[in-house]
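# Understanding the architecture of this molecule
So you can see what is in the structure, the chains are spelled out below.
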Amino acid sequence: MKRFWLDAILLRPWVTLLLGIIFIMAAGYGGGQLYFRGDYKIFFGEENPQLMAFEQMQRIFNKNENASIVIEQKSGNIFNKETLTMIKEMTDDAWQTPHSSRVDSIANYQHTWAEDDDLIVEDLILESEMLDDESIERVKAVALSEPNLLHRMVSEKGHVAVINVTVQLPDAGTADGAEDATKAVTDISAYLTELTDGYAEKYPGHAFYHTGIVFMNNSFATEAKKDSSTLVPLMFLAIIVILWILLRSFTGTLSTVIVIIGTIVSTMGISGWMGYFLSTATVNVPTMVMTLAVADCVHVISSMLYALRQGKSKDEALRYSMQLNLMPIFITSATTSIGFLTLNFANVPVLADLGNLTALGVMLAFVFSVTLLPALLKVLPMRTKTRVQTKADNFERFGNWVINNHKRLLPISIVVMVITISFTFNNQINDIATEYFDESTAFRQSTDFQQNNISGMSTVDFALYSGDASGLNRPAFLKTVDGFSEWLRTQPEVDHVSTISDTFKRLNKNMHGDDQTYHRLPQEQELAAQYLLLYEMSLPYGLDLNNQINIDKSATRLTVTMQNQGSKEFTEFERRAFKWFEDNAPSIKMTAASPNLMFAHIGEANMSSMLKGTLFALVLISGLLVFALRSWRMGAISLIPNLLPAGIGFGIWGIYSGQINMGLSVVLSMALGIIVDDTVHFLSKYRYARVEGKTAEEGIRYAFASVGRALWITTLVLTVGFMILAMSAFKLNSDMGLLTAIIIVAALVVDFLFLPAFLMLLDKKQSKQRKKNEVYESVA
């Protein structure tokens, strides 16, 4: 079968090329159906419990997805006529933001006070022309004392203010919806950016920053598009340079580039036919596929050049290379695909998409490397250079050095690996959503400024249900709401609490002639209902209480603004909140939800799922290795160099960072399939030599001479590829790329230093035991 397949390709290379081109064009046509989604919900499945709780809360109360403008007064505080005038004007202009439903700032804060028996409700800043010294002091006094404003709309020092725009984003669950949602995010971001640019020019003494869910979504999209437009071309250039320097073959380099282009076009086209969409994760598929496809081509071309140097003709060398590499390339491609397919165990849909599409690309690369590549090598001229031979001698000399020093290498390498792996215990699962972006990005700089000067961007919403209509007005229920609100304010990670109980206290004080002693909750349900009705009737359009209470007034939502915490801190805070209700109000139903809670839970759940996926991958890969190496013993031995690099990599990460985010949770499964490649090629060559009757030393020497150079080249290409991915400003991608590169380098070191010494130790013991058995049998 193998010979028939080779004859079909080598005897009819132009037919093979024509069929390959037709397939690539047909597959690539589906790329037109790809669309992009940049919203944060792509990280969560439809049945994710935190997402379901969040969407249910959004249905009961108004949506609170937002875009915020953070304003810094550079030379003092905001309480001067110029700055307050600017805030008033910007607040009015912000109502023109696309998809906006509400705008909040200190300018339009609905301040209340009593005038005889009347309740006055009006904007805190009425008209900028009326801002004299007395009114400015009044605005300052209210802003710095009102719980609904302090640490939310104005900083304690008074040097920073916030204008918050609430928006209604389209549902991004479908292709059309995703396009509408992406356009909405772009339009909102563009409008507010243009707005602040204009005011920055008009009021030069101020700085403007943009935060909120909308700008986070926009940053997801912006960084993804930036990666696709910069990293892929950079990877292409790096591959061409590396292959040209190390292979010294124009034909080999050109053929590899053609295979890579065909693989990427086919992969992305088929993904379009299958209904996939592009995201911050899947835009990296071309980079990964490109990186992994090179390995197949390098092994074929290196073996062909090796045979040509041995005096074989071009056809003989090509046939020799394909016969030698067909099974190892298939096995390494299959194991790599299995590693990526285990990303389906992830609780993050876009990571599963990344795994599926990369696995598809890897198998397409295998098909093209054993069809298009040999056909190209057949029809294109190819010459060898004596300089390549020198390189081969260097690897053989390195093999001799390893053989001569294996008794020292083995214990030293074991000690170094044990020490390094011990640092894996420094790692902790911790996702901080705002830190998914590099400090060089505008969004990260804005969130850091907001965190350091007024409050975090992170929020958690708590919904409290009374159980019956108008139950919100019951004194007992209001007391629980107020008690919970005060408890929240005592928590160290909480910057601000927005609660309806503050409004009731203020109204009660207002309706008693602004007597401060009445700044407490109303004691009668009917009185509370009247206060609330009177206040709602006085509110202007767009500034109602639907963001805090539901239609029948049976429930209320508290919004807690928190410091930008990690996943463990968020889940622990949530646990304490539920414990408070369990101890103080067990009869009241409470739910908690927010994008930050969603990210916090998904990180921990994802790591648990991926550990199961890794074990599953390990079983499948082990079975394939036993089949490929045709030896249970070799299959068992291969597990050691396959697992050690991951342990070393995570140990180094424990020293370097110690923080495991969502992207790193999939590295173990993903890298496992990649690092198997080196082990398979080295052990297959070693076993071939041993079957031919060579000693362990000769087998090691043959493995280094025949495959050492190819392993070095593929490791270099893979490392460069993932290091280029590490240049991404999106931290999930950059951390994943960096740790994978570390593991790939560790794999080569293990296969070049530890594995040969380990094989020689085992085979010498086996040889001694065999001799003892032979002596025993002869005596018997």
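On a predicted model such as this, the values are computed, not experimentally measured, just so you know. (Residues numbered from 1 in each chain as written. Predicted model: local features only at pLDDT ≥ 70, side-chain atom pairs only at ≥ 80, totals over all residues. Heavy atoms only, no water.)

### A closer look at the packing of helix α2 (residues 13-28) against helix α8 (residues 250-273)
Any two packed helices are characterised by how steeply their axes cross, that is the angle between the axes, and by the distance between the axes. To keep things clear, this is the line we draw: Note on geometry: axes are C-alpha line fits, over the in-contact stretch for helices, and angles between N-to-C directions span 0 to 180 degrees. A run of DSSP states H or I qualifies as a helix once it reaches four residues; a run of E qualifies as a strand once it reaches two. Both are numbered from the N-terminal end. Angular relationships are summarised with four words: roughly parallel below 35 degrees, roughly antiparallel beyond 145, roughly perpendicular across 65 to 115, and oblique for the angles in between. Left-handed describes a crossing whose near helix is turned anticlockwise from the far helix through less than a right angle; right-handed describes the clockwise counterpart. Contacts are assigned to residue pairs with any non-hydrogen atoms lying within 4.5 Å of each other. Lys, Arg, Asp and Glu make up the charged group, whereas Ala, Val, Leu, Ile, Met, Phe, Trp, Tyr, Cys and Pro make up the nonpolar group; the residues left over, Gly among them, are polar.
As a packed pair, α2 and α8 sit with axes 7 Å apart at the nearest point and diverge in direction by 40 degrees. Relative to α8, the element α2 is oriented oblique. Judged by the twist between their axes, the crossing of α2 over α8 is left-handed. Across the interface between the two elements, Phe23, Ile24, Ala26, Ala27 and Gly28 from α2 touch Gly262, Val265, Ser266, Gly269, Ile270 and Trp273 from α8. Class assignment of the residues belonging to the contact of α2 with α8 gives a composition of seven nonpolar, four polar and no charged.

### Describing the confidence of the model for the chain
Going by this rule: pLDDT expresses, on a scale from 0 to 100, how confident the predictor is about each individual residue.
With 94% of its residues at a pLDDT of at least 70, the chain reaches an overall mean of 86. Within the chain, the element-level pLDDT minimum falls on helix α13 (residues 386-404), averaging 69, and the maximum on helix α16 (residues 475-489), averaging 97. pLDDT under 50 marks residues 385-392. Its contacts with residues more than four places away, or in other chains, come to nine contacts. Under a pLDDT of 50 for its full length, residues 768-780 has, in the predicted model, zero contacts with residues more than four places off or in other chains.

### Looking at unusual backbone geometry
Stated precisely, the cut-off is as follows: Relative accessibility decides the category of a residue: with a 1.4 Å probe and only protein chains considered, values under 20% of the type maximum give buried, values over 50% give exposed, and everything between is partly exposed.
Backbone geometry places His151, a non-glycine residue, at a positive phi of 70 degrees. The topology assignment puts His151 in the loop between α5 (133-143) and β5 (160-167). Of note, the phi angle at Ser470 is positive, near 60 degrees, even though the residue is not glycine. Inspection of the secondary structure assignment puts Ser470 in the loop between β8 (458-465) and α16. Ser470 sits in the partly exposed class, given a relative accessible area of 32%.

### Some details on the sheet that holds strand β9 (residues 494-498)
In plain terms, the rule: A pair of strands is labelled paired if DSSP reports no fewer than 2 bridges between them.
Read from one edge of the open sheet, four strands run β9-β10-β8-β11, paired in antiparallel fashion. Whereas interior strands pair on both sides, the edge strands pair on one side only; in this sheet they are β9 and β11 (589-593). Neighbour-to-neighbour, the strand axes of this sheet turn through a mean angle of 20 degrees, independent of strand direction. Across eight bridges, β8 lies against strand β10 (residues 555-562) in antiparallel orientation. Opposite Tyr465, over in β10, you have Ala555 as the bridge partner. Packing against the sheet, helix α3 (residues 49-60) makes contact with β8, β10 and β11, and its axis sits at approximately 110 degrees to β11. Most of the contacts of helix α19 (residues 567-584) go to β8, to which it runs at about 20 degrees, and overall it touches β8, β9, β10 and β11.

### What to know about helix α15 (residues 442-453)
It helps to recall that an α-helix has 3.6 residues per turn; residues three or four apart then point in one direction. Short version of the rule: Take the number of residues in a helix, subtract one, and multiply by 1.5 Å to get its expected span.
With twelve residues, α15 should reach 16 Å at 1.5 Å per residue; the first-to-last C-alpha distance of 16 Å fits that figure. Among all positions in α15, only Phe443, Arg444, Ser446, Thr447, Phe449 and Gln450 are buried. Of the surrounding secondary structure, the elements contacted by the buried residues of α15 are β1 (66-73), β5, β6 (206-211) and α7 (213-247).

### Structural notes on the environment of Asp39
In this structure, Asp39 sits in the loop between α2 and α3. Note on Asp39: relative accessible area 12%, which makes it buried. Residues Asp39 and Val214, 175 residues apart in the sequence, show an inter-C-alpha distance of 8.4 Å.

### Points about the pairing of β10
For β10, a buried count of seven out of eight residues is recorded, marking the element as mostly surrounded by other parts of the structure. One ladder, built from four bridges, connects β9 with β10; its direction is antiparallel. Counted as the bridge partner of Ser498 is Thr559 from β10.

### Here's the deal with the pattern of salt bridges
Test applied: Salt bridge, as used here: a side-chain nitrogen of Lys or Arg that lies within 4 Å of a carboxyl oxygen of Asp or Glu.
Under the counting rule described, the total for this entry stands at 19 salt bridges. Notably, a salt bridge pairs Lys183 with Asp187, separated by 2.8 Å at the nearest N-O pair. In this pair, Lys183 and Asp187 both sit in helix α6 (residues 175-202), four residues apart, roughly one turn of the helix. The exposure class assigned to Lys183 is exposed, which follows from its relative accessible area of 52%. Note that Glu572 is salt-bridged to Arg575, the shortest N-O span being 2.8 Å. Separated by three residues within a single helix, Glu572 and Arg575 lie in helix α19, roughly one turn from each other. Its relative accessible area of 31% is what places Glu572 among the partly exposed residues. A relative accessible area of 46% means that Arg575 is categorised as partly exposed. The structure contains a network of salt bridges with shared partners spanning Asp482, Glu486, Arg489, Asp502 and Lys505.

### Overview of the side chain of Ser485
With respect to the helices, strands and loops of the structure, Ser485 is situated in helix α16. Looking at Ser485, the relative accessible area reads 0%, which means it is buried. If sequence neighbours within four positions are ignored, Ser485 has contacts with Val497, Thr499, Ser501 and Leu558.

### Describing the packing of helix α9 (residues 285-309) against helix α10 (residues 314-341)
One can describe the packing of α9 onto α10 by two numbers: an axis separation of 8 Å at closest approach and a directional angle of 155 degrees. What the angle tells us is that α9 and α10 run roughly antiparallel. For the pair α9 and α10, the crossing hand works out as right-handed. For the contact of α9 with α10, the residue count by class is 14 nonpolar, seven polar and two charged.

### Some points on the sheet that holds strand β2 (residues 100-104)
Sheet architecture is open: four strands sit in the order β2-β5-β1-β6, paired in antiparallel fashion. Since the sheet does not close on itself, it has two edges, and those belong to β2 and β6, each with one partner. Going across the sheet, the axis of each strand differs from the next one's by a mean of 20 degrees, ignoring polarity. Two elements, β2 and β5, share four bridges in a ladder whose sense is antiparallel.

### Comments concerning empty space enclosed by the protein
Selection rule: A 1.4 Å probe that fits into a set of points on a 1 Å grid over the protein atoms alone but cannot get out defines a cavity; an open set with protein on both sides within 12 Å along at least five of seven lines defines a pocket, and lining residues are those with an atom within 4 Å of a point. Grid points are joined across faces, edges and corners, and a volume is the space filled by probe spheres set on the points.
If you walk through the whole model with that rule in mind, you get seven cavities of 30 Å³ or more. Space inside the largest cavity adds up to approximately 880 Å³. In terms of lining, the largest cavity is formed by 47 residues, of which the most central are Asp104, Arg152, Met153, Asn164 and Asn547. For the lining of the largest cavity, the elements supplying multiple residues, two or more each, are β1, β2, β5, β8, α17 (500-510), β10 and α20 (595-629). If you tally residues by element for the lining of the largest cavity, the top one is β10, at four residues.

### Some details on the nonpolar core
In plain terms, the rule: To form a nonpolar core, buried Ala, Val, Leu, Ile, Met, Phe, Trp, Tyr and Cys residues must be joined to one another through side-chain atoms within 4.5 Å.
Judged by nonpolar contacts, the single largest core of 194 residues is most densely connected at Phe43, Ile87 and Phe599. A total of 18 residues in this core trace back to one element, the largest contributor, which is helix α24 (residues 731-779). Dropping the residues within four chain positions of it, Phe43 is found in contact with Phe220, Thr280, Asn347, Val348, Pro349, Val350, Phe599, Ile602, Met662, Phe730 and Leu732. One finds Val497, Leu521, Phe570 and Ala577 within the second-largest nonpolar core, a separate group that totals 39 residues.

### Looking at the packing of aromatic side chains
To be explicit about the condition: Each Phe, Tyr or Trp ring (for Trp, its six-membered ring) is paired with any other whose centre lies within 6.5 Å, and the angle between the two planes then decides the class: stacked below 30 degrees, edge-to-face above 60, tilted in between.
Throughout the structure, instances matching the rule amount to 28 aromatic pairs. With centroids separated by 5.2 Å and ring planes inclined at 45 degrees, the aromatic side chains of Phe220 and Phe437 adopt a geometry described as tilted. Of this pair, Phe220 sits in helix α7 while Phe437 sits in the loop between β7 (428-429) and α15, and the two are 217 residues apart along the sequence. Per residue, the accessibility class of Phe220 equals that of Phe437, and both read buried. Cluster of aromatic residues (ring-pair linked, three or more members): Phe43, Phe44, Phe220, Tyr436, Phe437, Phe443, Phe599 and Phe730.

### With respect to α5
Stated precisely, the cut-off is as follows: Throughout, the arc means that of the directions going from the helix axis to the C-beta atoms.
For α5, the complete set of buried residues consists of Ser135, Ile136, Val139, Val142 and Ala143. Each buried residue of α5 lies within a common arc of 130 degrees when the element is viewed along its axis, so the set occupies one face. Opposite its buried face, α5 presents the exposed residues Asp133 and Glu134, each directed more than 90 degrees away. In the core, the buried residues of α5 are packed alongside α4 (81-94) and β3 (110-115).

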